[in-house]
Amino acid sequence: FNSRSEAMGRFVEEIMPGAFDGVLGNDVVALFNHDPSMVLGRSTAGTVRLSVDEIGLRYECDLADDEISRRVASYIA
């Protein structure tokens, strides 16, 4: 919260405290590259967990044993 992101083209982002108030209970879907055909996890399935602390939004995603998840895991391992 309250810090600017790195430059992303012609803009930067700054997330304010309270930005996630009232939405953490929504159905949140974790996608690879924002592609709705590449679902990594979903909050209503319990495979995505979200929380907010003094720094910002935190998330955890339990990856499945499928091709997309294995590819993502190889990028972050």
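Here's a quick rundown of the structure. Here, residues in each chain are numbered from 1, in the same order as that chain's written sequence. pLDDT decides what is reported in this predicted model: residues at 70 or higher carry local features, side-chain atom pairs at 80 or more are listed and counted, and totals for whole chains, interfaces and linings draw on all residues regardless. The basis for every side-chain value is the complete set of heavy atoms in the structure, and neither hydrogens nor water enter the calculation.

What to know about the nonpolar core
Selection rule: Note on terminology: a nonpolar core comprises buried Ala, Val, Leu, Ile, Met, Phe, Trp, Tyr and Cys residues joined through side-chain atoms within 4.5 Å. Burial classes follow relative accessibility: with a 1.4 Å probe on protein chains only, a residue under 20% of its type's maximum area counts as buried, one over 50% as exposed, and anything between as partly exposed. Secondary structure follows DSSP: runs of H or I at least 4 residues long count as helices, runs of E at least 2 residues long count as strands, and numbering of each begins at the N terminus. Contact definition: two residues touch when any of their heavy atoms are within 4.5 Å.
Counting residues in each nonpolar core, the largest one holds 7 residues, listed as A30, F32, M38, L40, V48, I68 and V72. Sorting the residues of this core by element identifies β1 (29–32), β2 (35–42) and α1 (67–76) as the ones contributing at least two each. For V72, the contacting residues outside a window of four places in its chain are F32 and L40.

Let's talk about the environment of D65
We count it as follows: Two N or O atoms count as a polar contact when they lie within 3.5 Å, although within protein this holds only if one can serve as hydrogen donor and the other as acceptor, and sequence-adjacent residues are included solely when both atoms are side-chain atoms.
Along the chain, D65 turns up in the loop between β4 (57–61) and α1. Of note is the side chain of D65, whose polar atom sits 2.6 Å from the side chain of R70.

Focus: the pairing of β2
Test applied: In short, DSSP must find at least two bridges between two strands for them to pair.
Bridging between β1 and β2 involves 4 bridges; their strand directions are antiparallel. Across the sheet, the residue bridging to A30 is G41, located in β2. Connecting β1 to the next strand, β2, in antiparallel fashion are 2 residues, including N33 with a positive phi near 55 degrees.

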